Every structure is written in C-alpha cells, then in structure tokens.
Amino acid sequence: MTKDILSDDTQTRAEMQATGIDRRNLLKMTGAGIAALGSISLFDSTTAKAQDMSNGASNFYTSDRVTLQKVTFKTQDRTTVAGNLFVPKDLDRAAKHPTIIVGHPMGAVKEQSANLYATKMAEQGFVAMSIDLPFWGESEGQPRNLVSPEAYAEAFSAGVDFLGTQAFVDRGNIGAIGVCGSGSFVISAAKIDPRIKAVATVSMYDMGAAFRDALNKSQTVEQRKAFIATAAEQRWAEADGADPHYIGGTTLALTAETDPIQREFYDFYRTPRGEFTPAGVSRETTTKPSLSSSTRFMNFYPFNDIETISPRPMLFISGDQAHSKEFSQDAYNRASEPKELVWIKGAGHVDLYDRVDLIPFEKLKGFFDRHLA
C-alpha cells in the first residue's frame, strides 16, 4: 500500500472527514490509481536544455531524421484532439506506409513519453503520431483533467480516422502503442475498432483495476464505496457552484515519509527530467484528475473480452521490477494468441517512460514490422 500520496493536496483532513472518509483511508483505498496518474507537462527548449539525462533518460529527445507537424482532428463527439505527427524525412510520400499511434501515461501529455516513442518509431521508418487524450494537454475538453475512459479510447479511433485520410498512410496497417494508462485505453479501443491492427503496451496500468482494487488488490470494497461516496459529495458541491477538486498525481515535494512509488514518479514528473507546466495551468493541479469524475474508472474494465482482439497481435512490455507489472501479466493471461509478454530486466515502471537504454525499441520495431506489413 502506498502512503500519503495526497500530502500536498489542498483539501484539508477536516474537509475529508466531513464527507465521511479521512485522508489516510482515501489514500489506502485509492493508492495505486492515484499514484499512477503522474503529472501534466509540456516541452519547451529551456526544459530540454536542463533535463536530467542520467541513466539514459531522454524524455525530450528529438531527431534530425524526422519531421514534426502539429495536427488536430475531430472525434465522433465532434471534440478536437491534438497530436504531433512524426514522419521520416526520407519517406516516399507517393507511397503508403504503416503508421503507429502513441498514447501518453495517464495524467501526462503527449510531450511526455509519447513523443519520445513516436520519434523513435519514425526513425525506424514508420509514420507515427502522439496524441493528447481529451481533457488533457492541447486537446479539447472541459473541465480540465476530467476522467473519461470512453473519451480516451475514442481518441485512438479518431486518430485512426485522421491517419487513414493521409495520402502516405496505409489505412490497412495502423497500429498503436499505449504507455502506462494509455495501454488500457488502447486495448479498450482495439476491442471495438478492428482497424487497429496491432497493439503494444508499455508499463501498462489497468486504470479501472487500479482504482477499484489498488495494487495487489489491497483495497476493500468498503474502502471503494467510501471513495465513491466522497466523490458523490463533491458532485453536490460542484452542482452548488464549487470549483472542481483535484486528487492524486505526483507530490510537489518529497518528505521523509514519501513512499517509493511516489518517489519514482517524482523523479520523472517533478524534476527537469520531464517536468513542465503549460501556459494557463497551475502547477498544483497539473498532476491531478478531478475527484468527482474519478469514479468513472470504477466502471472501466478494459481487459474484459480482450481475447476478442485476436487474431490481431498484442505485445505487452513491462519492467520486471515495475510496481505495475501485475497489469501486464493479467492482460497477457486473458488475451488470446498471437500475444507476447516481454520483461525488461532491472526496469521499474517509470524507467520505460524515457530511459532509452532500457526501452526495447528494436523489439517494438520487429513487432510492427511483422504485423503491419
């Protein structure tokens, strides 16, 4: 169980007790899900120059072999999703090419991890596009930081729509990579969108299980119900005119009591290695989903019917030291062939966000070379 993940939350203990649940119980029952949410950050040149490159970290990696184009496209709900399209400079635009959509960790944005993966795949000859999930980053959606797993999954299918209209994209060979929470969102999308021909996940979180059960199923049903009741009270507050309340994410400061999972996220999200606060966003809320919407994850079961994705292939990649590895193992166990589970020796969860010496890009290249013909 994680410890005081909400230590820098603006809501006081008294306020939490007033809604029937104290802070520590809230943390106990939502530990894994809240810790997983990370923080929002965007890229700028100042951050890039200052980033921590130790241990192979290269979140803000760029390549002179790849062109980057900002794009936007509409979902079926007519909301706008923002993306970055990466194309090899030597690409023959008169031909059609296999293409990959990349989703960022939950609570992050495309400039964190997703751009890195898309750039590296473009270097290896693929067209690749990173996207911001709705309600995050440059994508539309109000209020900000809303939890909406259905909208997140739709963003991947809308990305397929967009890519399939590009003259140099082979619409019959579009795949997807989901990092952290996006791994569960892309699985959700692929179950009902056979146009996603191959799926790879990295350091995947099942965001539904994380909020329902916490890591290693350490959360009780009563604790879950208490959190749901707290979120319901917040809905009343917002109906009466209160501002959204935000929970979880990455702590703003380390203390002697900060748990190891929070320290892992802090090293990525709250240091020059990956931190950036976009214009118009408060650093205090960039890491956090809204409390009142977070219960939507309780109804999110991305691995149910995962076997129906077959015969489309699935690749699950996780660090063998990752606190989240149970989710990749669970998905692999439930999926039908063809499937593969790859353990990266010595790697933790966040290591595979940006440590290029650990991320198996050659494995990803081989997977998509085989299955996006």
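Look above for the structure.
Think of each chain on its own: its residues are numbered from 1, step by step along the sequence as written. Totals for whole chains, interfaces and linings use every residue, but because this is a predicted model, local features are given only for residues with pLDDT of at least 70 and side-chain atom pairs only at 80 or more, for both listing and counting. Processing note: side-chain calculations cover all non-hydrogen atoms of the structure and skip hydrogens and water entirely.

Novice: Would you mind showing me how to read unusual backbone geometry here?
Specialist: Negative phi characterises most residues that are not glycine, and trans characterises most peptide bonds. Across the junction of S310 and P311, the peptide omega takes the value 15°, indicating a cis bond. Here P311 is to be found in the loop between α10 (291-294) and β7 (314-319). Backbone torsion omega between E337 and P338 reads 0°, so that peptide bond is classified as cis. Put simply, DSSP H or I for four residues or longer makes a helix, DSSP E for two residues or longer makes a strand, and each gets a number counted from the N terminus. Position of P338 relative to the elements: it lies in the loop between α11 (325-334) and β8 (339-344). Phi at N145 takes a positive value of approximately 70°, unusual for a residue other than glycine. Here N145 lies in the loop between β4 (127-131) and α5 (149-164). Even without being glycine, C180 reaches a positive phi, approximately 55°. For C180, the location among the structural elements is in the loop between β5 (169-179) and α6 (182-192). Relative accessibility under 20% of the residue-type maximum defines a buried residue, over 50% an exposed one, and the middle range a partly exposed one, all with a 1.4 Å probe and only protein chains included. Looking at C180, the relative accessible area reads 0%, which means it is buried.

Novice: Could you clarify how one ought to interpret the packing of helix α4 (residues 114-123) against helix α13 (residues 361-371) in this entry?
Specialist: Packed helices, taken two at a time, are described by the angle between their axes plus the distance between the axes. Every axis in this analysis is a line fitted to C-alpha atoms, fitted for helices over the stretch in contact. Angles between the N-to-C directions lie between 0 and 180 degrees. One can describe the packing of α4 onto α13 by two numbers: an axis separation of 10 Å at closest approach and a directional angle of 60°. Read as a crossing pair, α4 and α13 show a hand that is right-handed. Residues L116, Y117, K120 and M121 of α4 pack against F361, L364, K365 and F368 of α13. Note on residue classes: Ala, Val, Leu, Ile, Met, Phe, Trp, Tyr, Cys and Pro are nonpolar, Asp, Glu, Lys and Arg are charged, and everything else, Gly too, is polar. In terms of residue class, the contact of α4 with α13 is built from 6 nonpolar, no polar and 2 charged. Left-handed is the label given to a crossing in which the near helix is rotated counterclockwise from the far helix by less than a right angle, and right-handed is the label when the rotation is clockwise. Pairs of residues are marked as contacts when any of their non-hydrogen atoms sit within 4.5 Å.

Novice: Before we go on, may I ask you to explain the packing of aromatic side chains in this structure?
Specialist: Note on aromatic contacts: the rings of Phe and Tyr and the six-membered ring of Trp form a pair at centre separations within 6.5 Å, being stacked when their planes are under 30 degrees apart, edge-to-face when over 60 apart, and tilted otherwise. One pass over the full model with this rule turns up 16 aromatic pairs. Look at F73 and F162: their rings are 5.3 Å apart centre to centre, the planes differ by 20°, and that puts the pair in the stacked class. With a gap of 89 residues between them, F73 in strand β1 (residues 66-74) and F162 in helix α5 connect regions that are remote in the sequence. An identical accessibility class is assigned to F73 and F162; each is buried. Between Y269 and Y353, the aromatic rings sit 6.2 Å apart at their centres with planes inclined by 75°, giving edge-to-face as the arrangement. One end of the pair, Y269, is in helix α9 (residues 260-269); the other, Y353, is in helix α12 (residues 351-354), and 84 residues separate them in sequence. Exposure remark for Y269: the relative accessible area of 0% places this residue in the buried category. An aromatic cluster is defined as three or more aromatic residues linked by ring pairs; in this entry it consists of Y152, F185, F211, F227, F297 and F300. The rule is short: NZ of Lys or CZ of Arg within 6 Å of the ring centre and within 35 degrees of the ring normal puts a charge over the ring. Here K120 stacks its cationic end above the ring of Y61, 4.0 Å away from the centre of that ring. Against the face of Y332 rests K339, its NZ or CZ located 4.4 Å from the ring centre.

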